[in-house]
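The residues making up each chain are set out below.
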Amino acid sequence: QVQLVESGGGLAQPGGSLTLSCTASGIIFSESTMAWFRQEPGQQRDQFAIAAISTSGRANYRDAVKGRFTISRDNAKNTVYLQMQNLKPEDTAVYYCQAMTYDSKMNLQLYWGQGTQVTVSS
């Protein structure tokens, strides 16, 4: 059974920092592309990731978070991180972790965490 468990959300002041973690089980983590998505209040979850990291460690970011957020992975811990700095009120959202991998039949599989709330407010 695949599980993605996020943690690290909470309340931060504008300009502050938070680090989210997502620990995976039931998948070959090192062979999975990992990504973070978010769902802003009153909106559906974004169609596109805000940050993603490949199996080789290559990271990509949406413009809205580029230069402020850093995605990283620790394959030994089956964990992906999202370091968020210089937070803005518009970063307020539920943040979801996604794992993208292939099963034994080479079918693409997407797995999601339960989400963690990040609120940026003074």
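Described below are features of the structure shown in this document. (Residues numbered from 1 in each chain as written. Predicted model: local features only at pLDDT ≥ 70, side-chain atom pairs only at ≥ 80, totals over all residues. Heavy atoms only, no water.)

1. What about the side chain of S21?
Phase 1 of the analysis: Inspection of the secondary structure assignment puts S21 in strand β3 (residues 18-25).
Phase 2 of the analysis: The contacts of S21, once residues within four sequence positions are left out, are V5, E6, S7, W36, T79, V80 and Y81. (Helix = DSSP H or I, 4+ residues; strand = E, 2+ residues; numbered from the N terminus. Contact = heavy atoms within 4.5 Å.)

2. Description of the state of the cysteines
Phase 1 of the analysis: A full pass over the atoms with the stated rule returns one disulfide.
Phase 2 of the analysis: One disulfide in the model links C22 with C97; its S-S distance is 2.1 Å. The chirality of the disulfide connecting C22 with C97 is left-handed, given an S-S dihedral of about -75°. Taken together, the residues span a long stretch of sequence, with C22 in strand β3 and C97 in strand β9 (residues 93-102) at a distance of 75 residues.
Phase 3 of the analysis: Of the residues examined, C22 reaches a relative accessible area of 0% and is grouped as buried.
Phase 4 of the analysis: A residue is classified by how much of its surface remains accessible, and C97, at 0% relative accessible area, is buried. (Disulfide = S-S within 2.5 Å. Buried < 20%, exposed > 50% of the residue type's maximum accessible area, 1.4 Å probe, protein only.)

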